[in-house]
Every structure is written in C-alpha cells, then in structure tokens.
Amino acid sequence: FWVIPAVEVKIEVVIPEKERSKEEMSPNGKASPLIYKVNGTARHYHLEEHPIASNPYHNPKDVVEASVCHVKDLENGQMREVDLGCGKALLIKESGEFHAVGHKCPHYGAPLVKGVLSKGRVRCPWHGACFNIGTGDIEDFPGLDSLPRFQVKIEKEKVYIRASKQALQTQRRTKMMAKCISLSNYNLSSTNVLIIGAGAAGLVCAETLRQEGFSDRIVMCTMDRHLPYDRPKLSKSMDSHPEQIALRPKEFFCTYDIEVLTEMQVAAVDVKSKIAVFKDGFKMEYNKLLIATGNTPKTLSCKGKEMENVFNIRTPEDANRVVKLATSKNVVIVGASFLGMEVAAYLADRAHSVSLVELEHVPFKKFFGERVGRAVMKMFENNRVKFYMQTEVSELREQEGKLKEVVLKSGKVLRADVCVVGVGAVPATGFLKQSGINIDSKGFIVVNKMMQTNIPGVFAAGDAVTFPLALRNNKKVNVPHWQMAHMHGRIAALNMLAHGTEISTVPYLWTAMFGKSIRYAGHGEGFDDVVIQGDLDELKFVAFYTKSDEVVAVASMNYDPIVSKVAEVLAAGRTIRKRDVDAVVFLSFRTGDMSWLTGKGT
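Per an unreviewed UniProt entry, the chain goes by Apoptosis-inducing factor 3 and derives from Melospiza melodia. The record in UniProt for the chain states the following under Function (unreviewed entry): "Induces apoptosis through a caspase dependent pathway. Reduces mitochondrial membrane potential."

Structure (structure tokens):
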C-alpha cells in the first residue's frame, strides 16, 4: 500500500526582492536556505502559501473579542483560564507581558492552567509537552500540534483577547509546512530522505523537515499495514480501531507530500551506495536516511509458544483480538512490564479472571522501586488481578489446537483461554548487522547528541538507539519512551538540514491503570534510594529517586503537577539534592511557588 500524493503541477510565484526576506523564513522564524542540491540539481524550498497581513483573521464573522480581566488581576508568573463566550483561552502574565494561547494540551486535552509556567513556556501537567507562550509552538513532546495563539491588547487597564472562534473550538494548530515541488520529476526508486519506521520518531522527523521548509521527496516505510498511530493506546485502550488512534489522517500525508509505504520491510542497507534493499527485492536510493525501526517483542521459549491465542501486542489488530477473546474468559499475562500491567488493568473487569506471572517479587521494582511496586500491586489485587511472582512459564498446553492451560515452573497450573506475553523487547536492528553502522552489544544503534550514527548522512532515533543523555552527564542510554521518540525525530530532522542541534530533553513517561496514572520524569537507572512523600496506601504520593544524594528521577500518582515541575527544574540544568526534597514538595505543590526553579527562591 502506497500513499503517494498526486502532485503534477508546479506553480512559481516571483516575489519582489524587498519582500523576499519575509517569505524566505522558516515557520519558526529562523532563516532557512532556499536551495537544496540533490544529485547535482538545485531544488527550491516552497512553503505552503499563508498570506501575510496585519489582520490574521480573514473572516470577521469568525472573530470574537472580549475583555477578560483587569491588568492587576494577574501577577507575573500566573496563568488563568478565561472564557470568551464561544470558547476558552489561557491567559498568561510573564515579565510584565500578557500572552494568550489555547487552554488545552493538543495531545490528550489536559488543562494547561494546571501545568507549569517557566521561562517563556508552559508544560503540560499530564504528559510533559511544552509550548512557547509567545508563539504557541510545541517545544517538547508528546503530541504533534502546537497551540493557537491569540491577540492580546490593553485598553484602560483592561485586558482584551481577540481570537478566531474556530481556533477556540479546536484548541490546536498545525505548524506551517512546505510541500514537495513536483513528484512527477522523481524516479520511484530514489528519494532524498528515506525514513525506515513509521512510529513517533519517523513521523516527527518528516513533519519537522516540512516545517523547516524542506521541499524535496520524503518516503517513510513501515512493516505495519497502517499509517502512523498512537502506539501507547494498544495497551491502554485496547479496543481502539486503527482509524481512531491514527496520529494523522491519510489526507495529511497527501497534503504535505509525505509518502508512506506500508507492509514494506527493509532487509539490508548499503551505506556506501546509499541504497535500502527491501525484503521483496525492491531497492530505493536515498540521500539522507533515518532508522527508526523501534523494537521487536520477546517471545516465550517454552513448549507450546506457537499455539493459537498466545499474543504479543504489536498492532491494533492484536489488541482488538485479545479483548474479543478475553471477554468473560481466563487470561494469563506473562511479564509485569508496563505493557503487561496495562493489559491486565484493561482486562480486569472484562475477563472472567486475570492472572499475572512475573520473575520479580514485586512489579516495577527496577523502575519504581519496591515500595511503589507493592502499592501498585495492592491496587491490582483489589481489582481481582491474581499475581504469581518469582516464577515463570514452563509449558503452554492446548486442547483441540487452542490454549487451555499455562504451567508454571513452581508447579502451579493456570486455566487460560488467552495468553498475553509482555516480557520485554529487543531492538529491531538485525538487518543492519553487515551495514557498517555502529551497533552495540545489545543491538542498539549508537548515535551522538545530534542523532547521527558513525556513517555520514545516516541518523537513527527512537527505541532502537542509545544516545548521550545530558541529564546524566551524557551517559549513553536507551530511553524507550513515546515522548523521547518524538524528540529524537525532531533532532534528527534538524540535523539533516545541518542545524547543529543537540538533544537536551528530560525523559517523561506515564502509565495508566484503573483510571489512575503514574507520571515519571528523569532517568532513574541505577538509583540507590527512594524518598517518598505522601501516602502510598492512598495512592497519593511523589517518589524521588536518588543516586549519590542527587535526584535523578521523580514519579507521582495523584500529585499533579509535581512531576512536570521537577522536569522543568531538571531541564533548566539545576540539581535537586536529597536534602532538598521536602522543600521542593512544600514550595512547588503546597504553595505553588516556582521561584526555586530559577534559583531565586530559598
């Protein structure tokens, strides 16, 4: 299946020299080169036309203007959600200036007024996405769209907001993007940019290239049968259909000339000839390459692993099938991983029984620590999930070709109509073994801060890479999180265009179980202590993970927006010591004071 935009006509507009400087700017306001050479041929950037006018609202009937407060109603560093009659906006005062943007995070709709304001940006309280308060542009992820920005004016000590009714209703804005000049000029077997993998990293890379004015050919290829979709929902919202979780509709790819080859697997890459060889023998030449293949789920090694009704959750079809088969039946989940635990939570009130098998003695011990793990385990037990800990599967037994029982090494035999395997994953990089691209002993692609591999013009991003994490003194780490994949894709795209941008984001993740979320920021690998504030029994807590007296990560449940606040501290390059934890919780959560973030507080 190919999604190939049908573009056959090229229209050139000649702009007077004095006006050209305005048009030759990238959407983020930074000048970008207009000519990019491919195979010796000069190709021109072509931004989608957006008329420049003093009044950005072209339809007066679509405009609303309202007085929302007195100038003294907001202090510096404060935010307020204001109602304009036909929709709401987020009014912000920082450094004596007022700004107005959309009030909901475009990712999942979190109220940004409950987020964190710091140094010209607001961070989402739920999943950590960041937006520039002056432009509305997204600066950290997850999510793809930016916030709409509204006009603010001051008259007679009153603050007025002028906004588009449509923007107030949609609460999102897609950045201006370039289009490909003329696809009719291209050979199907060659592209300027080839992206292997169509997850978050691949899609954000393609979108960023277009946002920066790149107007040459972009091809994405994926083994999946679908266009890019919201993969975390496979375990959090298992009955979602592909079209419900699509990150962009098919029309988007056609509009912005991003070609997608589905059900296409790359078997090898020849970096000297710059050719990708597909499993079916098809070859594609590239100029720049992004490898964002993600990972491959591990399978069981026991007898019966190949039988029917044993699943790795990899696609929407897998998730849908599990829900259908599990309803009112017996489910066994192997592995208390994020995927395993989320699947258990989702099926708990749908299945007749849910049993979870795990080698450790508590879930999430290595990630959240034993105390938090026990609190989570208790929540699951209160919701009828049965744990079988410190054991593993020795055999899967069938009856008439279908799964009937799961036999544990402890000797216990569990009734099972469905088995879901969530015992981890390995990087999907086997096809690169003979490529010359640097792969570490675990199979991860090694990249630098600009997401570049050891091969010029070859970049890598997402779950399949190790990269230098600024937060941990540039230690090479693998961070298989949705937010990080987005940022990897953006950094790779910018450096394909020679921007010289280095990654410096703070890892941020979340997990959802039984209507509750654990939020997490930082990188706690190797933590040696956990400092907990709040009440674990009530599932209202914040946990600080420390290593040698320094806080390296934080997790919370029902304690928003503490994780986003700590993420902003870490993003600012500040260090939180173990002895500071009490003050951090008191100042940020109980009083709302953010002055300690800039070093001005006590």
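Caption draft 1: Structural context of the sheet that holds strand E35 (residues 508-513). Strand order in the open sheet made by the five strands is E35-E36-E39-E38-E37, with antiparallel pairing throughout. If you trace the sheet from one side to the other, it starts and ends with E35 and strand E37 (529-535), each paired once. The sheet shows a mean angle of 15° between the axes of neighbouring strands, direction not considered. The sheet contact formed by strand E36 (residues 516-522) and strand E39 (residues 550-557) spans five bridges and is antiparallel. Along E39, the bridge assignment pairs Gly522 with Ala553.

Caption draft 2: Summary view of the packing of helix H3 (residues 200-211) against helix H10 (residues 482-496). At a minimum axis distance of 7 Å, the contact between H3 and H10 shows a crossing angle of 40°. One finds that H3 runs oblique with respect to H10. As H3 runs across H10, the sense of the crossing is right-handed. Within the contact between the two elements, H3 uses Ala200, Ala201, Val204, Cys205, Thr208, Leu209 and Gln211 and H10 uses Trp482, Ala485, His486, Gly489, Arg490, Ala493, Leu494 and Met496.

Caption draft 3: Quick look at the nonpolar core. Counting 101 residues, the largest nonpolar core has Leu194, Leu209, Val269, Leu290, Ile291, Phe467 and Phe544 as its most contacted members. It is H10 that contributes the most residues to this core, eight residues altogether. If sequence neighbours within four positions are ignored, Leu209 has contacts with Val193, Phe214, Ile218, Ala493, Met496 and Leu497. Ile245, Ala344, Met377 and Val385 belong to the second largest nonpolar core, which has 52 residues in total.

Caption draft 4: Highlighting the pattern of salt bridges. The tally for this structure, following the rule as stated, stands at 23 salt bridges. Salt-bridge contacts for Lys409 lead to Glu392; the nearest nitrogen and oxygen are separated by 3.4 Å. Of the two residues, Lys409 is situated in the loop between strand E27 (402-408) and strand E28 (413-415) and Glu392 in the loop between strand E25 (385-389) and strand E26 (393-399); the sequence distance between them amounts to 17 residues. Since its relative accessible area comes to 34%, Glu392 is described here as partly exposed. Counted as one network, the salt bridges with shared partners bring together Glu65, Lys153, Glu155 and Arg162.

Caption draft 5: Focus on the pairing of E26. Direction of pairing for E26 relative to E27: antiparallel, over a ladder of six bridges. Directly across from Arg397, in E27, lies its bridge partner Glu405. Where E26 hands over to E27, the hairpin turn is made up of two residues, of which Glu400 adopts a positive phi near 55°.

Caption draft 6: Representation of H10. Counted at 1.5 Å a residue, the expected span for H10 with its 15 residues is 21 Å, and the 22 Å between its end C-alpha atoms agrees. For H10, a buried count of 15 out of 15 residues is recorded, marking the element as mostly surrounded by other parts of the structure.

Caption draft 7: How the structure looks around the pairing of E39. Of all the eight residues making up E39, seven are buried; the element is thus mostly covered by neighbouring parts of the structure. Here strand E38 (residues 540-547) pairs with E39 via seven bridges, running antiparallel. Paired with Phe544 across the strands is Val554, a residue of E39. Taken together, E38 and the strand that follows it, E39, pair antiparallel across an intervening segment of two residues, in which Ser548 is found at a positive phi of about 55°.

Caption draft 8: Geometry of the sheet that holds strand E31 (residues 445-446). Taken in spatial order, the three strands make up an open sheet running E31-E33-E34, and their pairing is mixed. Each having just a single partner strand, E31 and strand E34 (475-477) make up the two edges of the open sheet. Where E31 meets strand E33 (residues 465-469), two bridges bridge the pair, whose relative direction is parallel. What sits directly across from Ile445, in E33, is Val465.

Caption draft 9: Representation of the packing of aromatic side chains within the structure. Under the defined criterion, the tally for this structure stands at 15 aromatic pairs. When the centroid spacing of 4.9 Å and the interplanar angle of 75° are considered together, the rings of Phe380 and Phe514 count as edge-to-face. Of this pair, Phe380 sits in helix H9 (residues 370-381) while Phe514 is found in the loop between E35 and E36, placing the two residues 134 residues apart along the sequence. With relative accessibility at 0%, the residue Phe380 sits in the buried group. Centre to centre, the rings of Phe527 and Tyr545 are 5.0 Å apart; their planes meet at 65°, and the pair counts as edge-to-face. With Phe527 in the loop between E36 and E37 and Tyr545 in strand E38, this residue pair connects regions lying 18 residues apart in the sequence. Here the aromatic residues Phe338, Phe364, Phe367, Phe368, Tyr520, Phe527 and Tyr545 are joined through ring pairs into a cluster of three or more. Against the face of Tyr160 rests Lys153, its NZ or CZ located 5.8 Å from the ring centre. Residue placement shows Arg350 over the ring face of Tyr346; its charged tip is 3.9 Å from the ring centre.

Caption draft 10: Representation of empty space enclosed by the protein within the structure. Scanning the model with the defined rule gives two cavities of 30 Å³ or more in all. The computed volume of the largest cavity comes to approximately 80 Å³. By residue number, the principal contributor to the lining of the largest cavity is H3, which donates four residues. Within the lining of the largest cavity, the residues separate by chemical class into four nonpolar, two polar and three charged. The two domains that each donate at least three residues to the lining of the largest cavity are domain 1 (63-170) and domain 2 (176-298 + 426-507). As for the second largest cavity, its lining consists of Asn330, Lys404, Arg415, Ala416 and Asp417. Taken together, the residues of the lining of the second largest cavity sort by class into one nonpolar, one polar and three charged.

Caption draft 11: Region of the structure containing the state of the cysteines. Evaluation of the coordinates by the stated rule reveals zero disulfides. Looking at Cys419, it has no disulfide partner, and the nearest cysteine sulfur is the one in Cys302, 7.9 Å off.

Caption draft 12: The arrangement of the environment of Gly85 in detail. Relative to the assigned elements, Gly85 resides in the loop between strand E5 (78-83) and strand E6 (88-94). Using a relative accessible area of 70% as the deciding quantity, one classes Gly85 as exposed.

Caption draft 13: Molecular detail of the side chain of Asp145. Tracing the backbone through its elements, the reader meets Asp145 in the loop between strand E11 (138-140) and strand E12 (149-155). Asp145 sits in the buried class, given a relative accessible area of 5%. Of note is the side chain of Asp145, whose polar atom sits 3.0 Å from the side chain of Arg172. Only 2.9 Å separates the side chain of Asp145 from the side chain of Arg248, close enough to count as a polar contact. Leaving out residues up to four positions away in the same chain, Asp145 has contacts with Pro106, Phe131, Ile138, Arg172, Arg173, Thr174 and Arg248.

Rules used in this analysis
Residues numbered from 1 in each chain as written. Predicted model: local features only at pLDDT ≥ 70, side-chain atom pairs only at ≥ 80, totals over all residues. Heavy atoms only, no water. UniProt positions renumbered as here; feature names shortened; annotations may be inferred. Pairing = 2+ DSSP bridges. Helix = DSSP H or I, 4+ residues; strand = E, 2+ residues; numbered from the N terminus. Axes fitted to C-alpha atoms, helices over the stretch in contact; angles between N-to-C directions. Parallel < 35°, antiparallel > 145°, perpendicular 65-115°, else oblique. Left-handed = near helix turned anticlockwise from the far one by under 90°. Contact = heavy atoms within 4.5 Å. Core = buried A, V, L, I, M, F, W, Y, C linked by side-chain atoms within 4.5 Å. Buried < 20%, exposed > 50% of the residue type's maximum accessible area, 1.4 Å probe, protein only. Salt bridge = Lys/Arg side-chain N within 4 Å of Asp/Glu carboxyl O. Expected span 1.5 Å × (residues − 1). Phe/Tyr/Trp six-rings, centres within 6.5 Å; stacked < 30°, edge-to-face > 60°. Lys NZ or Arg CZ within 6 Å of the ring centre and 35° of its normal. 1 Å grid on protein atoms, 1.4 Å probe; cavity = no way out; pocket = protein on both sides within 12 Å on 5 of 7 lines; lining within 4 Å. Points joined across faces, edges and corners; volume = space filled by probe spheres on them. Nonpolar A, V, L, I, M, F, W, Y, C, P; charged D, E, K, R; others polar. Domains from an automatic or database assignment. Disulfide = S-S within 2.5 Å. Polar contact = N/O pair within 3.5 Å; in protein donor to acceptor, adjacent residues only side chain to side chain.

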